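Secondary and tertiary structure notes
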Amino acid sequence: MSFTSYTSPPSSQPSQPAPPSAGRREWTALAVLLLPCLLVSMDVSVLYFAVPFLTAELEPSSVQQLWILDVYGFVLAGLLITMGALGDRIGRRRLLLSGALLFGLASGAAAYAQSAEMLIAARALLGIGGATLMPSTLALIRNLFHDAKQRGKAVAIWSSAMMGGIAVGPVLSGALLEHFWWGSVFLINAPAMVLLLVCGPLLLPEFKNPAAGRFDLPGSLLSLLAMLPTVYGIKEIARDGLAPRPALVLAAGLLAAAAFVHRQRTARHPMLDLELFRHRGFSVSVLMNLLAMFAVVGCAVFFTQYLQTVRGMSPMEAALWNLLPTLAVGGMAPAAAVLAQRMDRAYVIALGFVIAAGGFVWLSWLEPGSALWFVLVASSVYASGLVMVMSLGNELAIGLAPPERAGSASALLESGTELGGALGMAILGSIGSAVYRADMAGVLPAGLPSAAADAARETLAGAAAVAAGLPGRAGESLLTAARSAFTDGLQSAVLGAAGVMACAAVLAVLLLRGLGRPGAEGEAGAAGVAGAPEAGGAAAAPRDAAAPAGTDAPTGADAPTGADAPAEADAAGTPAP
């Protein structure tokens, strides 16, 4: 289906009715949608504190321990596009509720896992469930909120919940582990999923694309073969440096990605509407999200290590302080939505990147003995800017996508954030590690065994362990040098992030200017694809009073208009007249 099926009516025709406003029911439904959003983002980080406890009980090998940590994110990233397209076909509410059931059952299996293999399998099932939940929540927001201003606020709240879940995960994990066994970090998902299963059918509308055609199974397999090796290769290179095996895996993923794009261009019923990328507003929004998550994930690793290893905080104490910047910027996403109603959102997004760059430059002055407030305020500044960027980018992309393709559009946004996070960890992590190793090369004590010297050169944690085994001033001197080297690496990484943010601000102005002027409902703009939907998408279309009751077909503001009805024209790839 192409954008040409969504042409705006000629100006000589009577103006279409304004899109309906959301009421109490829709806002209550949004609160229900935040449950899976919070839990899926929390599950990315909830295991950080539980690893020592489950390791003691399940005794996984080093390889198994890595898979316990990573398999959830790998499966989630690999299936996002598949699940987004599936939701467009079988119904987004149906997919969401099915995913909630799977997520709850997998959480119980993970909580009571009796072996490392069982826990890995349960975490993989959690990834499948998470992949069904994430694109469904954002796509349903597109169908619940047809008014552009209300949708902007709703997406801002959704974005804040996503960021908050990642920060809350370690804190909640630490609190539970002080009183319960390690499986409790998974079991907390079950009540929320039960609540979603009860409230979802009552509050959430069903929506699917009646002209989507058959599910593209070969395309689904290619998307999995593209995302999994790509994310895995990037993470392995970030962890162990450039080596033949992860490089080959990454190359295989990129080849599969090229094959996937070719499949989507030639398939009779493609999973994705590549016409979305012909609209610069959508494609640039995906890029902006990728760059923002690049900075978030790439620098979060350094921030956590700084609190624990340089400042000597316990994991729970570090998690609580790490939560403070997130709480401090909780209102930035709604504020950005309000600001975007008064000025071109290109400048608001650029402002967010500039604020983030300023926060990173501030962090570049960090020293091992800097006051704690210095770190927290700088982190709050860059987090504020990135929350502005991601909330407005999500809202713009979802507003530009036709309602029938909201699931696929949401999956593309989520896939971009996953890739951005992996790239941030790889590139910024590599910069910090390279500076650390260079600084440590000339400060190791003479006579140190080669294994200990290698450990001290590789990571700050390794240097701390080696220092603990050295006598007196030798150990203190090594630890001081390692902390200084780590801080130098952090300074280099955040300066790199600041440079990327500055370039992103320029790109936002150049590529998005004019697509989001205040008061202009047509965010597609003259520079977009001819016939692109208005900001409200098909929401401004006449209501389809003939839709039969009890069906899953979109009704009212979500109904496809005009020539979208004939599935034959769409299936053949011919634009409807």
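Our subject is the structure listed above.
This text gives an overview of the structure that appears in the document. As the structure is a computational prediction, the values presented were derived from the model and not from experiment.

Reading guide: rules and limits
- Residues numbered from 1 in each chain as written.
- Predicted model: local features only at pLDDT ≥ 70, side-chain atom pairs only at ≥ 80, totals over all residues.
- Heavy atoms only, no water.
- Helix = DSSP H or I, 4+ residues; strand = E, 2+ residues; numbered from the N terminus.
- Buried < 20%, exposed > 50% of the residue type's maximum accessible area, 1.4 Å probe, protein only.
- Contact = heavy atoms within 4.5 Å.
- Areas by Shrake-Rupley, 256 points an atom, 1.4 Å probe, with all protein chains shown as cover.
- Axes fitted to C-alpha atoms, helices over the stretch in contact; angles between N-to-C directions.
- Parallel < 35°, antiparallel > 145°, perpendicular 65-115°, else oblique.
- Left-handed = near helix turned anticlockwise from the far one by under 90°.
- Patch = residues over 30% accessible without salt bridge, like charges linked within 9 Å, V, L, I, M, F, W, Y side chains within 5 Å.
- Salt bridge = Lys/Arg side-chain N within 4 Å of Asp/Glu carboxyl O.
- Phe/Tyr/Trp six-rings, centres within 6.5 Å; stacked < 30°, edge-to-face > 60°.

Another aspect to go through is the overall build of the protein. Each helix and strand in the protein was counted, giving 20 helices and zero strands. Here the protein holds 577 residues, and the buried ones make up 54% of them. Within the protein, contacts between residues at least 6 apart in sequence are counted, and of these 81% link residues at least 24 apart. Summed over its atoms, the accessible surface of the protein is roughly 22,600 Å², and 66% of this surface lies on carbon and sulfur atoms.

So, about the packing of helix α15 (residues 372–400) against helix α16 (residues 406–440). Where α15 contacts α16, the two axes come as close as 10 Å, and the packing angle between them is 150°. Of the possible angle classes, the one that applies to α15 and α16 is roughly antiparallel. Where α15 crosses over α16, the handedness of that crossing is right-handed. Contact with α15, carried on its side by Met 390, Asn 394, Ala 397 and Ile 398, involves Ala 406, Ala 409, Ser 410, Leu 413 and Thr 417 of α16 and no other residues of that element.

Inspection of the secondary structure puts Leu 187 in helix α7 (residues 184–187). Sequence spacing of Leu 187 and Ala 111 is 76 residues, and the spatial spacing of their C-alpha atoms is 5.9 Å. In this structure Leu 187 touches Gly 108, Ala 111, Tyr 112 and Trp 181, once residues within four positions along its chain are discounted.

Another aspect to go through is the environment of Val 389. By the element assignment, Val 389 lies in helix α15. In this structure Val 389 comes out as buried when scored by relative accessible area, which is 0%. A sequence separation of 56 residues divides Val 389 from Ala 333, and the C-alpha atoms of the two residues are 8.4 Å apart. In this structure Val 389 touches Met 288, Asn 289, Ala 292, Ile 349, Gly 352 and Phe 353, once residues within four positions along its chain are discounted.

Right, let's get into a nonpolar patch on the surface. Side chains of Leu 287, Val 506, Leu 507, Leu 510 and Leu 511 sit close together on the surface and give an oily, nonpolar patch of about 380 Å² of accessible area. Along the chain, Leu 287 falls in helix α11 (residues 280–310).

This part is about unusual backbone geometry. Its identity is not glycine, yet Glu 59 carries a phi of approximately 50°, on the positive side. If you trace the backbone, Glu 59 turns up in the loop between α2 (51–58) and α3 (62–90). According to the relative accessible area criterion, Glu 59 is exposed, its value standing at 65%.

For the coordinates displayed, the defined rule picks out six aromatic pairs. With centroids separated by 5.8 Å and ring planes inclined at 75°, the aromatic side chains of Trp 362 and Phe 374 adopt a geometry described as edge-to-face. Here Trp 362, found in helix α14 (residues 345–363), pairs with Phe 374, found in helix α15; they are twelve residues apart in sequence, far enough to count as distant. For Trp 362, a relative accessible area of 25% translates into the label partly exposed. With relative accessibility at 15%, the residue Phe 374 sits in the buried group. An aromatic cluster of at least three residues, connected via ring pairs, comprises Trp 362, Trp 373 and Phe 374.

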